[in-house]
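Coordinate analysis (summary)
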Amino acid sequence: DAKTTQPTSMDCAEGRAANLPCNHSTISGNEYVYWYRQIHSQGPQYIIHGLKNNETNEMASLIITEDRKSSTLILPHATLRDTAVYYCIVRAPNYGGATNKLIFGTGTLLAVQP
Amino acid sequence: DSGVTQTPKHLITATGQRVTLRCSPRSGDLSVYWYQQSLDQGLQFLIQYYNGEERAKGNILERFSAQQFPDLHSELNLSSLELGDSALYFCASSARLVLNEQFFGPGTRLTVL
């Protein structure tokens, strides 16, 4: 699985967009980019995933560069409840019965400030 | 609410003891995963079951074992507990084996004294 690099921490003002970057320069053609977050001591929460097209859901948008070597998770209007550790994970589809265990790095601690 | 339930929420026990953590996956999900989160190791994958069968093992100690029952709930058994086993234990479930959307429970906080 491709290795990811994320900043250790970021700050964002409440109501502003939070843009969380992730570098995955060794990503393979069939690997997806997943984002999860973990609010303090709660179970991780799935946010969004994508392969090469930009994706949007009710929680966030995912922008993947054309060469797929990096991506950005965008929380359009951050609230205090968005303060969490955000994990970027790159994984291939689980064809052929392989496991789809998640490998979490250290993530980015996003602190939303009032 | 992810739909995944875990019991108990908190567990305090002594070294050398044995405990069982329980997980009920989301309705219809066939796959169950167990993860351990300690302060110094972060989130670590332990083991995965799919429809009752073990699918993959991570860094799970020999003192730990798990199983998934016909009703799809899963139990993680931890024995000969050591101080270092104190951690948050999360269960996750997923419906689709192909992609990797997993839904996590609230966790069980284990404290070994």
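Read on for an overview of the structure. (Residues numbered from 1 in each chain as written. Chains lettered and ligands numbered in written order. Predicted model: local features only at pLDDT ≥ 70, side-chain atom pairs only at ≥ 80, totals over all residues. Heavy atoms only, no water.)

What to know about the pattern of salt bridges
Two side chains bearing opposite charge may form a pair once their charged atoms approach each other closely. All names here are of chain B. Under the criterion given, the structure shown has 5 salt bridges over all chains. In this structure, the salt-bridge partner of R22 is E75, at a minimum N-O distance of 4.0 Å. Here the residue R22 occupies a position in strand β3 (residues 19–24), and E75 occupies one in strand β8 (residues 74–78), the gap between them amounting to 53 residues. Look at E75 and you get buried, because its relative accessible area is 18%. Between R26 and D29 there is a salt bridge, with the nearest N and O atoms lying 2.8 Å from each other. Three or more residues are tied together by salt bridges with common partners; here these are R63, E82 and D85. (Salt bridge = Lys/Arg side-chain N within 4 Å of Asp/Glu carboxyl O. Helix = DSSP H or I, 4+ residues; strand = E, 2+ residues; numbered from the N terminus. Buried < 20%, exposed > 50% of the residue type's maximum accessible area, 1.4 Å probe, protein only.)

Some details on the sheet that holds strand β8 (residues 84–91) of chain A
Residue and element names in this part refer to chain A. Strand order in the open sheet formed by 5 strands is β1-β9-β8-β3-β4, with mixed pairing between adjacent strands. A single partner strand is all that each edge strand has here, and the edge strands are β1 (9–13) and β4 (45–50). Each strand of the sheet is rotated relative to its neighbour by a mean of 25°, with strand direction disregarded. Pairing of strand β3 (residues 32–38) with β4 involves 5 bridges; the strand directions are antiparallel. Paired with Y36 across the strands is Y46, a residue of β4. (Pairing = 2+ DSSP bridges. Axes fitted to C-alpha atoms, helices over the stretch in contact; angles between N-to-C directions.)

Quick word on the packing of aromatic side chains
In total, this model carries 11 aromatic pairs over all chains according to the counting rule given. Ring geometry for Y32(A) and Y34(A): centres 6.4 Å apart, planes at 45°, overall tilted. Looking at Y34(A), the relative accessible area reads 0%, which means it is buried. Residues F104(A) and Y35(B) carry aromatic rings whose centres are separated by 5.9 Å and whose planes lie at 85° to one another, so their mutual orientation is edge-to-face. Here Y35(B) lies in strand β4 (residues 31–38) and F104(A) lies in the loop between β8 and β9 (108–113), a pairing that spans two chains. You'll find F104(A) and Y35(B) in the same group, each marked buried. The ring of F103(B) has R26(B) sitting right over it, with the charged end atom 3.8 Å from the ring centre. (Phe/Tyr/Trp six-rings, centres within 6.5 Å; stacked < 30°, edge-to-face > 60°. Lys NZ or Arg CZ within 6 Å of the ring centre and 35° of its normal.)

Quick notes on the sheet that holds strand β5 (residues 55–56) of chain A
All names here are of chain A. With antiparallel pairing, the 4 strands of this open sheet are ordered in space as β2-β7-β6-β5. The sheet is open, and its two borders are formed by β2 (18–23) and β5, each paired with just one other strand. Where β5 meets strand β6 (residues 61–64), 2 bridges bridge the pair, whose relative direction is antiparallel. What sits directly across from E55, in β6, is L62.

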